[in-house]
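# Structural features, examined
For reference, the chains in residue letters:
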Amino acid sequence: MTTALTPQRRRINRQAQFKRQGSLFLGLLICVFWLFPLLLVAMNSLKDKRQYTLGDSWQWPQGFHLLQNLERAWAQGIGSGFVNSLIYGLLGSAFAILLASLAAFGIVRLRIPRGLFWFLLIYSGTIFPFQMYLIPLFKAYLLTDLYDTRLGLLLFYIAICIPFCTFVMRGFFVSLPWDFQEAAKLDGCGDWQIFWRMMVPLARAPMMVLLLFQFTWIWNDLLFGLVLTKSDAVRPIMPTLVGMQGVYGGSDGPTVIAAVLIASVPTLALFLLLQPYFMQGLRLNSVGD
């Protein structure tokens, strides 16, 4: 019996080994194609204007001019856009997560009347294309003097992030057992204490994942940052980066590439910082299982 199965087992082992080798080769191939553009950006960010203009893109840099390119990019406007987007991304996502958590807690844990209706009303903000908000929002901002202000852009980012955050937080609160809440009420805790002392610590992982997602969306936004602002002191980083590459931007290639490197740092740093919460936050139903 054992000798008859030996060739079959060998064939199965060879197939498994072939699949592992194929997966490894495919992963390496994807990494190579993914790293090639990064290598090209890194090489050209080290060059000066003359070598970038006269030389080939794949030519090895003849000097180290990265710090000078970063200084020029920061001075030509990317610095103000960086600070603005940092404010919009952190405050916008944080306030959106807080308000969405309160809404989800009220709908699910407090069982307010017509909770499903209010949830669908909030979530309907993600159904329609965002482009249809441009003209009404632009006119409303002109009437209320919110156009080209940090407050106006911050309010928009908070509002646009609330529906998806509510969807995620509602799914998390539904998965939590009711025993926690009932035990807390028997101990004399009110609804606010239950939310702040119990629900928020339990929801730390999904909140961190939402912070990463919403911060990335706000940081990469170009359309609304371009339409709702006009001054460099208010505009986020993506419209500022586009302006540097325009006909009248006056920026050379290495300076623009250095600005791209600056623009890519916060999202990468935030992902590395919140990585311990990432996989845990994606498993929203693990607490209720």
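Before any of the text, the structure's been laid out above.
Overview of the structure. Everything quoted here is computed from the prediction, not taken from an experiment. (Residues numbered from 1 in each chain as written. Predicted model: local features only at pLDDT ≥ 70, side-chain atom pairs only at ≥ 80, totals over all residues. Heavy atoms only, no water.)

## Here's the deal with the overall build of the protein chain
As a reminder of what qualifies: Runs of H or I in DSSP of at least four residues are treated as helices and runs of E of at least two as strands, each being numbered from the N terminus. Between the two quantities, the radius of gyration covers C-alpha atoms and the globule rule is 2.2 Å times the number of residues to the power 0.38. In this description, contact between two residues means that some pair of their heavy atoms is separated by no more than 4.5 Å. For the area figures, the Shrake-Rupley method with a 1.4 Å probe applies, and any residue is considered shielded solely by the protein chains shown. Counting rule for charge: Lys and Arg are taken as positive, Asp and Glu as negative, and neither His nor the chain ends is counted. Where a charge sits is defined by one atom per residue type, namely NZ (Lys), CZ (Arg), CG (Asp) or CD (Glu).
From N to C terminus, the protein chain includes 13 helices and 0 strands. Taken from N to C terminus, the helices and strands of the protein chain fall in the order α-α-α-α-α-α-α-α-α-α-α-α-α. Computed over its C-alpha atoms, the radius of gyration of the protein chain comes to 25 Å, more than 25% above the 19 Å expected for a compact globule of 289 residues. Over its C-alpha atoms, taken along the principal directions, the protein chain stretches across nearly 85 × 75 × 35 Å. In the protein chain, the proportion of contacts linking residues at least 24 apart, taken out of those at least 6 apart, comes to 73%. Carbon and sulfur atoms make up 68% of the accessible area of the protein chain, which amounts to about 17500 Å² in all. Each charge class in the protein chain can be summarised by its mean position, and for the 22 positive and 13 negative side chains these summaries are 13 Å apart.

## Side note on the nonpolar core
Keep this limit in mind: Put simply, a nonpolar core is a bunch of buried Ala, Val, Leu, Ile, Met, Phe, Trp, Tyr and Cys residues held in one set by side-chain atoms that sit within 4.5 Å of each other. Burial classes: relative accessible area under 20% of the type maximum marks a residue as buried, over 50% as exposed, and values in between as partly exposed (1.4 Å probe, protein chains only).
Ranked by internal contacts, the top residues of the largest apolar core, which has 38 residues, are Ala-73, Ile-78, Met-169, Phe-173, Met-199, Trp-219 and Ile-237. When residues of this core are assigned to their parent elements, the largest contribution, 9 residues, is made by helix 3 (residues 66-108). Beyond its immediate chain neighbours, meaning those up to four positions away, Met-169 contacts Ala-100, Ser-101, Ala-104, Ala-203, Pro-206, Met-207 and Leu-210. Counting residues in each nonpolar core, the second largest holds 17 residues, with Tyr-157, Ile-160, Leu-228 and Val-234 among its members.

## Regarding the packing of helix 3 against helix 12 (residues 253-273)
Put simply, the rule reads: With axes taken as lines fitted to C-alpha atoms, and helix axes fitted only over the stretch in contact, angles between N-to-C directions fall between 0 and 180 degrees. Roughly parallel means an angle under 35 degrees; roughly antiparallel, over 145; roughly perpendicular, 65 to 115; everything else is oblique. When the near helix sits turned anticlockwise from the far one by under a right angle, the crossing is termed left-handed; a clockwise turn instead gives a right-handed crossing. All amino acids are sorted into three groups, where Ala, Val, Leu, Ile, Met, Phe, Trp, Tyr, Cys and Pro are nonpolar, Asp, Glu, Lys and Arg are charged, and the leftover types, Gly among them, are polar.
Relative orientation of the contacting elements helix 3 and helix 12 amounts to 60 degrees, with a least axis distance of 8 Å. Taken together, the axes of helix 3 and helix 12 lie oblique to each other. As helix 3 packs across helix 12, the resulting crossing turns out to be right-handed. Packed against helix 3, whose contacting residues are Leu-66, Asn-69, Leu-70, Arg-72, Ala-73, Trp-74, Gln-76, Ile-78 and Phe-82, the element helix 12 presents Pro-254, Thr-255, Ala-258, Ala-259, Leu-261, Ile-262 and Pro-266 at the interface. Tallied by class, residues from the contact of helix 3 with helix 12 come to 12 nonpolar, 3 polar and 1 charged.

## Some remarks on the environment of Leu-70
Residue placement: Leu-70 occurs in helix 3. Once residues lying within four places of it in the same chain are set aside, the contact partners of Leu-70 are Ala-258 and Ile-262.

## A closer look at unusual backbone geometry
You will see that Arg-114, though not glycine, has its phi angle at about 55 degrees, which is positive. Counting through the fold element by element, Arg-114 comes out in the loop between helix 3 and helix 4 (115-123). If you check the backbone angles, Asp-145 has positive phi at about 60 degrees while not being a glycine. With respect to the helices and strands, Asp-145 occurs in the loop between helix 5 (134-143) and helix 6 (150-175). Classification of Asp-145 by relative accessible area gives exposed; the value is 63%.

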